[in-house]
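Descriptive analysis of the structure
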Amino acid sequence: MHVVVFTKSTPDTAAKVEVDANGNVTWGDSPLVVNPWDEYAAEEALQLKEKQGANTTVIAVGPEMDNDALKHCVAMGIQEAVRVWDDALEGSDSLGQAKALAAAIKKMGDVDMIITGKEAVDVNSDAVILQAARFLGWPVLSFVAKIVEIDPATGAIKVERLVEEGRETVSAKLPAVVTVVKEINEPRYPSFIGIRKAAKLKIPVWSRAESGRARSEVEAGAAKTKVLEKFPPPPREGEVEIIPSDDVEEAARILAEKLIEEKVV
Amino acid sequence: MSGVFVWIEQFKGEPALVSWQALGVGRKLADEIGEPLIALVFGQNVGELAQKAIHYGADEALVADDQTLAAFRVEPYAALVTKLIEERSPRFMLAGATTRGRDLMGTVAGQVGAGLLSDVIGLDVIDGNLQATRPIYAGKLLSKEVAEGDFQMATIRNRAFPTPDPDESRTGTITQVEPVMAEDEITVKVEGVEEAVGEVSLTDANIIVSGGRGVGGPEGFEPVRELAEVLGGAVGASRAAVDAGWIPYAHQVGQTGKVVSPDLYIAAGISGAIQHLAGMRTSKVIVAVNKDPEAPIFSVARYGIVNDLFKVLPALTKAFKEKLGR
């Protein structure tokens, strides 16, 4: 079984993210980290490696900054890393990136599962993985909180998904795309040996041509969505009103009245 | 090109509230481009839902009533949406940005090669194209984005748009359509759903009461639950409380949990780390209860009480019981 983790680098979740005078997004000197949801995907891939002898690869479609995420996954124990990128992908949208990802997966030839986090925290979207699944013709098992079983012989997979109403148990056939939520596991820390391996690793870069897609299919000109502007959300208006609480019961009554007056209760 | 599609999501026949919000947005877009608003209603025994969709503003409902569509699955739903797009050539399609809405719309966008604006909180037609405002970096920034092409799609965030008032005198056309996939062509099988009983969904909730590190343990959520219950609200939690194992992950609000936008958010014993604020800062009114007057949560709150949550929450529960007569 070959399991591929799809990832990207994002600013640390504790980073203060801002827009500079040129309209570019900055995050000060906060480090780039693996997209937080993808850490759970990498852990799950490693458990499949340990329990079922799966081969593991991590892949990103993006510029050099995505090496940070790839190296983190390798330091955790993922065996191979590949980055897909060339200048044609600069300014591409999710459709362009999904085509490049699907082509790279096809090139690998033997992939049984792509596993990734439920969304990329920077763009707040899971469009790339869903569209890549469609280009591959694979089913998607999204928001997975538990892989219940995989039968490598038949490719049968059963998972529990976290949906609005509770947990849904679903079965399907590999190859498939799996997206995971935080509940699925507790990601391990990179090992010392892993960190050393990752530091020395030269990550191969597959160009668009190598992954078999025409420039016109993926470049910015083919994009069906474009970003016009990024900006900070409007600040919350007004100062906080602290309700004195020497008498807690009285404070609670005053607050309850105010909230009823504001018609939010 | 004609029409605006809105997918009406249902679970066991119950419509998702965000679908009506999507119909409200769809009505506005349809009026602006002078084209009909068409609701897509798939499931089993969903005829009544189609009628409701008309009441909420649709001009026509395309109804597929079939056992293969009873529970949502991407494959048969996406195949049917794709066929309807080919037949009707709509200009736009909208759905709620729920687990199902995201799966369906992302897949269809890949299938038909359409631009998809995900999880939008603002949506307009500018020069014939969809233009959206959507949160990025978990809400730390906003992004203004535009779609291009003959057919454009968007998913809308729950509670970001008003729920329209239904008009029961509205009439429209109900058209039956046939599913395109037979059961033996569908690889994904739903084996069952274990429903979280008696709990208000976080993303639908008008009121959320959340507990953080300050609740001190699993039993510390008791006063949080009691207040939520008297208010008819949902129980939320900070990452610290979830990571400590005091409450299941499904309750987590924040950057790696759920993003919520209730009318009232009461944060008890939550300091207000940037990751938590990202998940609740668009709430209409925020109340902070914390012993530490320097806690960052007070910077986004409208009302604050600097005191022990174990004193304040029971007092609030009592005050609301009296005032609301519950």
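Quantities reported herein were computed from a predicted structural model and do not represent experimental measurements. (Residues numbered from 1 in each chain as written. Chains lettered and ligands numbered in written order. Predicted model: local features only at pLDDT ≥ 70, side-chain atom pairs only at ≥ 80, totals over all residues. Heavy atoms only, no water.)

Here the focus is the interface of chain A and chain B. Chain A puts 82 residues into the contact, and the matching count from chain B is 85 residues. Across the interface of chain A and chain B, roughly 7,400 Å² is buried in total on both sides, 57% from carbon and sulfur atoms. On the chain A side of the interface with chain B, the three residues burying the most area are E165(A), K182(A) and R236(A), jointly 10% of the side's total. Seen at the junction of chain A and chain B, the total is eleven salt bridges. With a closest N to O distance of 3.1 Å, E119(A) and R102(B) form a salt bridge. Here chain A is connected to chain B by 47 residue pairs in polar contact (both at pLDDT 80 or more). Within the side of chain A that touches chain B, the residues separate by chemical class into 43 nonpolar, ten polar and 29 charged. As judged from the six bridges shared by strand β14 (residues 225-231) of chain A and strand β10 (residues 141-147) of chain B, these two strands associate in the antiparallel manner. Bridge pairing in β10(B) links K226(A) to V146(B). (Contact = heavy atoms within 4.5 Å. Buried area = accessible area lost by both parts, 1.4 Å probe. Salt bridge = Lys/Arg side-chain N within 4 Å of Asp/Glu carboxyl O. Polar contact = N/O pair within 3.5 Å; in protein donor to acceptor, adjacent residues only side chain to side chain. Nonpolar A, V, L, I, M, F, W, Y, C, P; charged D, E, K, R; others polar. Pairing = 2+ DSSP bridges. Helix = DSSP H or I, 4+ residues; strand = E, 2+ residues; numbered from the N terminus.)

Spatially, six strands are ordered β15(A)-β18(B)-β17(B)-β16(B)-β14(B)-β15(B) in an open sheet, and the strand pairing comes out parallel. Bordering the open sheet on either side are β15 (241-242) of chain A together with β15 (234-237) of chain B, each of which pairs with just one other strand. For strand β14 (residues 207-211) of chain B and β15(B), the ladder comprises four bridges, and the chain directions are parallel. Following the sheet pairing, S210(B) is matched in β15(B) by G236(B). Running at roughly 175 degrees to β14(B), helix α5 (residues 222-231) of chain B makes contact with β14, β15 and β16 (264-268) of chain B of the sheet. (Axes fitted to C-alpha atoms, helices over the stretch in contact; angles between N-to-C directions.)

Scanning the model with the defined rule gives five aromatic pairs over all chains in all. Consider the rings of W7(B) and Y77(B), whose centres lie 6.0 Å apart with planes at 90 degrees: the pair is edge-to-face. One end of the pair, W7(B), is in strand β1 (residues 4-8); the other, Y77(B), is in helix α3 (residues 74-88), with 70 residues separating them in the sequence. We classify W7(B) as buried; its relative accessible area is 2%. For Y77(B), a relative accessible area of 1% corresponds to the buried category. One aromatic cluster is present, formed by W7(B), F42(B), F72(B) and Y77(B) through successive ring pairs. The side chain of K107(A) reaches across the aromatic face of W206(A), ending 4.0 Å from its centre. (Phe/Tyr/Trp six-rings, centres within 6.5 Å; stacked < 30°, edge-to-face > 60°. Buried < 20%, exposed > 50% of the residue type's maximum accessible area, 1.4 Å probe, protein only. Lys NZ or Arg CZ within 6 Å of the ring centre and 35° of its normal.)

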